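Okay, here's what each chain looks like letter by letter:
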Amino acid sequence: MTTLTRLPDDYVQNPHEVHDLLRAEGPVQELQLPRGLKVWLVTRYDEAKLALTAPQVSKNVLEGGHLMAAHSSGEVENREIEPTLSVHMLNMDPPGHTRLRKLVTKAFTARRVELMRPRVQEIAAELLAKLADGDEVDLLEAFAFPLPITVICELLGIPIDNRADFREWSNQLLTFGTAEQVQAAASAMAAFLHQHVTAIAEAEPNDTFFSALVHADDSGDRLSTEELISMAFLLLVAGHETTVNLIGNAVLALLRNPEQLRVLKDRPELIPASTEEFLRLEGPVNVATFRYTKEPLDLGGVTVPAGEIVMVSLIAANRDPEKYENPAQLDVTRSAQGHLAFGHGIHFCLGAPLARLEFDVALTQLLARFPNLSLAAEPETLVWRDSTLIRGLHTLPVRLA
Ligand code: HEM
């Protein structure tokens, strides 16, 4: 019996080093994640794209979710969460996926999202107004977290007072906690969202995004209460755990590359286009969400048998030297088109236009208000969150000036 390679326990602290080794060896490897889950990890760009779209690969959690337990070495605790939070489009294949995505897509067109720009600018300005020159703050806590969570709560009509709870719950759900912590957070989240969806369903329809979704009727087809709860959950979690870390990872990259920071300070009009480079260099999603093979799949000459969990590392694909020259280097003027930070294929991030808008506003305002901001900790002391899904720091201490 061969022993499986196991990713080092401190993998999340330095995933790029590990990915570079794996990528050089082959497009995909069968290995164990730090907590013992056996997966096939894809690290090369071309094969990542293939795995994200191949018809042999499914995202149907109802049918394939049992593989998590089947492939765990016993150390992986039961992470199955409330069924009410799971019936969302990221856990489905067509036609279920097509139906749910269609109902929500209209609200997230680039044009519709662009109309939100003034409000996003206002929220960012209010947050920055609370900070002063000379302050030493955790930029995630003071700015990068409250901006997207405020935006997504407003979209869903959720009172802002609940945002600390949400942060806690979603943190528990996405990082390695105990089974009890995960269950407790999931139940609390499900109960809150159930109450919220019911209240909106009973109220008179209004022109807010979530009210429109609750009352949406597509030729007689409506979202059930359970589907609405799952949809709200997906939007809340996807809508803030990611954007906060895109902002954080980008600011860290800039503070570690002063000559690149200078380019953006001198030419802020480059910020919108540079978003793609920040997404490529250190996107906030490491491995894409759960996928498994329904049939054998050939990935660059390696056959993944049926019934295997396939994990696609987006941050590894985005640093494939076959695709991007000098991939570990931040270059705010490069064309980073084609990066996979938002995924690829039918599950491509629905919130991409909103995420790009939030990032553009956040970085533009931050650099304009505090052009001399600097790191207030040695880069080596910064700690990354214990998650294979989310690539983001625990804290980002900065000095404002
Ligand atoms: C920088 C910010 C963001 C990044 C990097 C990001 C990344 C991703 C990725 C990689 C996927 C696909 C996952 C997979 O295929 O396994 C995805 C899907 C999704 N994202 Fe985002 N996301 C971001 C922000 C947002 C925002 C702001 C929202 C909502 C307001 C959002 C909503 C969604 C939804 C609903 C899906 C599921 C789409 C589907 O299954 O068809 N995301 N996102």
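In what follows, the structure referred to is the one given above.
K.L.:
Which parts of the structure should I look at to understand the overall build of the chain?
P.N.:
Of the regular secondary structure elements, the chain holds 17 helices and 11 strands. Taken against the 2.2 N^0.38 rule, which gives 21 Å for 401 residues, the C-alpha radius of gyration of the chain at 21 Å falls within 12% of a compact globule. In terms of overall dimensions, the chain has a C-alpha envelope of 60 × 55 × 35 Å along the principal axes. Evaluated residue by residue, the chain yields a buried proportion of 54% over its 401 residues. Long-range contacts, defined here as pairs at least 24 residues apart, represent 74% of the contacts in the chain between residues at least 6 apart. Just so you have it, the chain exposes about 17,400 Å², and 54% of that area is on carbon and sulfur atoms. Computed over 35 positive and 54 negative side-chain charges, the separation of the two mean positions in the chain equals 4 Å.

K.L.:
Any chance you could explain the pattern of salt bridges here in plain terms?
P.N.:
Oppositely charged side chains may form a pair once their charged atoms are brought near each other. Summed over all chains, the structure comprises 19 salt bridges. Arg-117 is the salt-bridge partner of Glu-114, the closest N and O atoms lying 2.5 Å from each other. What makes Glu-114 partly exposed here is its relative accessible area of 40%. Glu-277 is the salt-bridge partner of Arg-280, the closest N and O atoms lying 2.8 Å from each other.

K.L.:
In this structure, what is going on with the nonpolar core? I would like to understand it.
P.N.:
One recurring pattern in soluble globular proteins is that nonpolar side chains are buried together. In terms of nonpolar packing, the biggest core is built from 99 residues, with Leu-193, Phe-278 and Leu-396 touching the most fellow members. In this structure, Leu-193 is in contact with Leu-85, Ile-158, Phe-166, Ile-229, Ala-232, Phe-233 and Leu-236, ignoring residues within four places of it in sequence. Counting residues in hydrophobic clusters, the runner-up holds 20 residues, among them Trp-40, Val-57, Val-312 and Leu-314.

K.L.:
Help me out: how do you make sense of the sheet that holds strand 9 (residues 310-312) in this one?
P.N.:
Strand pairing in a sheet is mediated by backbone hydrogen bonds. Such pairs are either parallel or antiparallel. Ordered in space as 1-2-3-9, the 4 strands form an open sheet in which the pairing is mixed. Either end of the sheet is taken by a strand with one partner, and the two such strands are strand 1 (5-6) and strand 9. Note: strand 2 (residues 28-32) against strand 3 (residues 38-42), 5 bridges, orientation antiparallel. Of the residues in strand 3, the one forming a bridge with Gln-29 is Leu-41.

K.L.:
Even after reading the chapter, I still don't get the site of the ligand, so can you show me in this structure?
P.N.:
Near the ligand, the surroundings consist of 28 residues, among which His-97, Arg-101, Thr-289, His-347 and Cys-349 are the closest. The separation between an oxygen atom of the ligand and a polar side-chain atom of Thr-289 is 2.5 Å. Listing elements by their share of the shell around the ligand, those giving two or more residues are helix 5 (96-105), helix 13 (225-256) and helix 17 (352-369). Classifying every residue of the shell around the ligand by side-chain character gives 18 nonpolar, 8 polar and 2 charged.

K.L.:
Is there a simple way to explain the coordination of the iron atom of the ligand in this structure?
P.N.:
Just one protein ligand coordinates the iron atom of the ligand, and it is Cys-349 (SG) at 2.3 Å. Within the element layout of this structure, Cys-349 appears in the loop between helix 16 (314-317) and helix 17.

K.L.:
Would you mind going over the packing of helix 7 (residues 117-129) against helix 17 with me for this structure?
P.N.:
Two measures define how a pair of helices packs: the angle their axes make with one another and the distance between the axes. Contact pair helix 7 / helix 17: the axes reach a minimum separation of 10 Å and the direction vectors enclose 40°. It follows that helix 7 is oblique to helix 17 by the angle criterion. Note on packing geometry: the crossing formed by helix 7 with helix 17 is right-handed. Across the interface between the two elements, Arg-117, Val-120, Gln-121, Ala-124, Ala-125 and Leu-128 from helix 7 touch Leu-357, Glu-358, Asp-360, Val-361, Gln-365, Leu-366 and Arg-369 from helix 17. In terms of residue class, the contact of helix 7 with helix 17 is made up of 7 nonpolar, 2 polar and 4 charged.

K.L.:
For this particular structure, what's the right way to read the packing of aromatic side chains?
P.N.:
Here a ring pair, both rings aromatic, is described through the centre-centre distance and the interplanar angle of the planes. Per the stated rule, a full pass over the model turns up 7 aromatic pairs. Centre to centre, the rings of Phe-278 and Phe-359 are 5.5 Å apart; their planes meet at 50°, and the pair counts as tilted. With a gap of 81 residues between them, Phe-278 in helix 15 (residues 271-282) and Phe-359 in helix 17 connect regions that are remote in the sequence. Like Phe-278, the residue Phe-359 is buried in the burial classification.

K.L.:
Would you mind going over the sheet that holds strand 5 (residues 136-138) with me for this structure?
P.N.:
Across the sheet, which stays open at both edges, the 3 strands sit in the order 5-11-10 with antiparallel pairing between neighbours. Either end of the sheet is taken by a strand with one partner, and the two such strands are strand 5 and strand 10 (374-375).

Parameters at a glance
Residues numbered from 1 in each chain as written. Predicted model: local features only at pLDDT ≥ 70, side-chain atom pairs only at ≥ 80, totals over all residues. Heavy atoms only, no water. Helix = DSSP H or I, 4+ residues; strand = E, 2+ residues; numbered from the N terminus. Rg over C-alpha atoms; globule rule 2.2 N^0.38 Å. Buried < 20%, exposed > 50% of the residue type's maximum accessible area, 1.4 Å probe, protein only. Contact = heavy atoms within 4.5 Å. Areas by Shrake-Rupley, 256 points an atom, 1.4 Å probe, with all protein chains shown as cover. Lys, Arg positive; Asp, Glu negative; His and termini not counted. Charge placed at Lys NZ, Arg CZ, Asp CG, Glu CD. Salt bridge = Lys/Arg side-chain N within 4 Å of Asp/Glu carboxyl O. Core = buried A, V, L, I, M, F, W, Y, C linked by side-chain atoms within 4.5 Å. Pairing = 2+ DSSP bridges. Near = heavy atom within 4 Å. Polar contact = N/O pair within 3.5 Å; in protein donor to acceptor, adjacent residues only side chain to side chain. Nonpolar A, V, L, I, M, F, W, Y, C, P; charged D, E, K, R; others polar. Donors = N, O, S within 2.8 Å, 3.2 Å for Na, K, Ca; no water. Axes fitted to C-alpha atoms, helices over the stretch in contact; angles between N-to-C directions. Parallel < 35°, antiparallel > 145°, perpendicular 65-115°, else oblique. Left-handed = near helix turned anticlockwise from the far one by under 90°. Phe/Tyr/Trp six-rings, centres within 6.5 Å; stacked < 30°, edge-to-face > 60°.

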